[in-house]
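Coordinate inspection notes
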2 protein chains.
Amino acid sequence: MYDRASIDEVLDAALICHLAFADGGQPLAVPTLCARVVDIVYVHGSAASRALRILRAGAPVCLTVTLVDGLVLARSVFEHSINYRSVMILGSMHGVDDRDDKLAALKAFTEKLVPGRWAEARQPNSQELVATSILALPITEASAKIRSGPPEDADAPDGALRVWAGVLPLHTGWASPIPDPKLRSGIPLPASVQQLIAPEDTSRT
Amino acid sequence: MYDRASIDEVLDAALICHLAFADGGQPLAVPTLCARVVDIVYVHGSAASRALRILRAGAPVCLTVTLVDGLVLARSVFEHSINYRSVMILGSMHGVDDRDDKLAALKAFTEKLVPGRWAEARQPNSQELVATSILALPITEASAKIRSGPPEDADAPDGALRVWAGVLPLHTGWASPIPDPKLRSGIPLPASVQQLIAPEDTSRT
């Protein structure tokens with residue numbers, strides 16, 4: 001088990017989650033964007049989405065996010081593993097229907113993806129708000145599974161083998177932005193994207 | 001819908017999948033490594049795993065892999081999206097219990113993560129094989145969802161807005177290997193890892 005701070009860190013680092021729920025007797029794992037605001041994780045999609053309609057009705061759900069951090073290469077095949085962080089939240093969702101609440105959730109999605117983007121792009125109109133379904137899952141029953149660090153067979157008999165062992169970290173980052181081929185001329189890369197792709201602040205490492 | 005070649009490409013590019021199944025009345029989405037061999041996707045874990053025991057008994061399952069390729073920044077918040085590739089396989093799993101079949105599946109896992117690693121590391125002994133549960137899901141009912149390319153509001157009225165639009169690609173790669181702090185001296189980085197982290201063959205792009 002992990003504390004809420006660790007759980008929130010994993011939730012905030014993940015772009016997408018997988019929602020498990022039953023459609024009739026068939027379990028489904030459906031990927032979707034997610035955004036946490038304090039004690040709630042939001043997902044959204046088309047108001048016509050079958051998955052969102054099932055979940056809005058209160059069906060039991062499991063929301064899982066998983067980040068893969070690297071490969072763990074041990075001396076034995078058996079001890080090979082991956083370093084990862086995963087959070088699972090159980091419960092049931094409810095619809096977010098108040099106009100201001102919907103706008104706040106959509107702002108959270110947009111700002112999570114690209115901080116500063118909300119103020120740059122055209123914000124949702126009434127028609128778009130109606131076409132968007134937003135669901136909320138309270139973080140009440142949440143757990144984390146985390147594996148980090150080197151392989152664990154150094155002190156076992158396998159530690160005597162002359163086999164290289166260690167971790168191969170997986171790195172995720174942004175590549176160069178690709179402007180829409182139909183972008184009007186004279187529109188520069190916005191501050192939000194410039195900031196996102198800027199070399200990481202070394203004080204963070 | 002997509003053809004099998006597209007589905008296989010997504011399955012092979014993904015390190016992990018999420019398995020959706022019901023544990024009693026509670027749907028769960030559980031992350032795990034996966035490896036495809038021809039028409040079957042394998043998952044594995046501890047023989048003591050509750051999830052694997054439920055699935056080995058033939059419970060209905062959904063195996064989903066999702067790769068996030070980038071952010072799609074449109075002129076309007078509403079048209080913001082992500083580029084992604086996701087495959088969903090429905091069905092039920094069966095245990096792989098024959099010794100040679102288990103070894104072949106474990107080799108597929110290892111070679112998928114780090115090609116060449118199977119021959120470098122100590123291979124599983126009988127005790128380890130017994131402790132490992134391997135499940136197989138035939139690729140019979142599979143579908144893919146894929147979004148790629150630029151935002152789609154250039155030709156709508158929003159196309160006239162002076163808002164930057166385009167795609168911010170997400171890049172995933174390997175960082176420098178971290179040797180086990182307890183690695184015996186004089187064991188060089190193996191050929192498998194050297195090959196994996198070598199600059200990409202430009203003929204692939």
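Residues numbered from 1 in each chain as written. Chains lettered and ligands numbered in written order. Predicted model: local features only at pLDDT ≥ 70, side-chain atom pairs only at ≥ 80, totals over all residues.

Here the focus is the overall build of chain A. Within chain A, the regular secondary structure consists of six helices and eleven strands. Reported as C-alpha extents along the three principal axes, the dimensions of chain A are approximately 65 × 50 × 30 Å. By the burial criterion, 38% of the 205 residues in chain A qualify as buried. Considering only residue pairs separated by 6 or more positions, chain A has 72% of its internal contacts joining residues 24 or more positions apart. (Helix = DSSP H or I, 4+ residues; strand = E, 2+ residues; numbered from the N terminus. Buried ≥ 20, exposed ≤ 12 C-beta atoms within 10 Å, placed from the backbone. Contact = placed C-beta atoms within 7 Å.)

Listed per partner, the contact involves 76 residues of chain A and 75 residues of chain B. Counting residues per element, the ones that place at least two in the side of chain A that touches chain B are strand 1 (16-23), strand 2 (26-33), strand 5 (60-73), strand 6 (81-92), helix 3 (99-113), helix 4 (117-120), strand 10 (166-174) and strand 11 (178-179) of chain A. Considering every element that reaches the side of chain A that touches chain B, the biggest residue donor is strand 10 of chain A, with nine residues. When the residues that make up the side of chain A that touches chain B are grouped by side-chain class, the tally is 51 nonpolar, 15 polar and ten charged. Pairing of strand 10 of chain A with strand 11 (residues 178-179) of chain B, which is carried by two bridges, proceeds in the antiparallel orientation. In the sheet register, G166(A) faces strand 11 of chain B, and the bridge partner there is P179(B). (Nonpolar A, V, L, I, M, F, W, Y, C, P; charged D, E, K, R; others polar. Pairing = 2+ DSSP bridges.)

This part is about the sheet that holds strand 4 (residues 40-46) of chain B. All names here are of chain B. If you walk across this open sheet you meet the four strands as 3-4-8-7, and the pairing is antiparallel. Each edge of the open sheet carries a strand with a single partner, namely strand 3 (35-37) and strand 7 (94-95). Sheet topology note: the strand 7/strand 8 (residues 132-138) ladder contains two bridges and is antiparallel. Bridged to H94 within strand 8 is A136.

Further remarks concern the nonpolar core. The biggest cluster of nonpolar side chains holds 105 residues, and the ones touching the most others in it are L19(A), A20(A), C34(A), L19(B), A20(B) and C34(B). Beyond its immediate sequence surroundings of up to four residues, A20(B) is in contact with A20(A), P27(A), L28(A), A29(A), P27(B), L28(B), A29(B), V61(B), C62(B) and T64(B). (Core = buried A, V, L, I, M, F, W, Y, C linked by C-beta atoms within 7 Å.)

Here we come to the relation of the copies chain A and chain B. The transformation that overlays chain A on chain B combines an axial shift of 0.0 Å with a rotation of 180°, and the residual RMSD is 0.0 Å. Considering both components of the superposition, the chain copies are consistent with a two-fold axis. In terms of proximity to the rotation axis, the leading residue of chain A is T172(A), whose C-alpha is 2.3 Å off the axis. (Least-squares fit on C-alpha atoms with pLDDT ≥ 70 in both.)

The next thing to look at is the confidence of the model for chain A. Regions with low pLDDT should not have their predicted coordinates read in detail. Taken over all residues, the pLDDT of chain A has a mean of 95, while the share at 70 or more is 97%. Here the predicted complex scores 0.95 on pTM and 0.95 on ipTM. (pLDDT = per-residue confidence, 0-100.)

The next thing to look at is the sheet that holds strand 4 (residues 40-46) of chain A. Residue and element names in this part refer to chain A. Taken together, four strands build an open sheet; the order of strands is 3-4-8-7 and the sheet is antiparallel. Edge positions in the sheet fall to strand 3 (35-37) and strand 7 (94-95), since each has one partner strand and no second. Relative to strand 8 (residues 132-138), strand 4 is paired through seven bridges, and the arrangement is antiparallel. Bridge pairing in strand 8 places H44 opposite I134.

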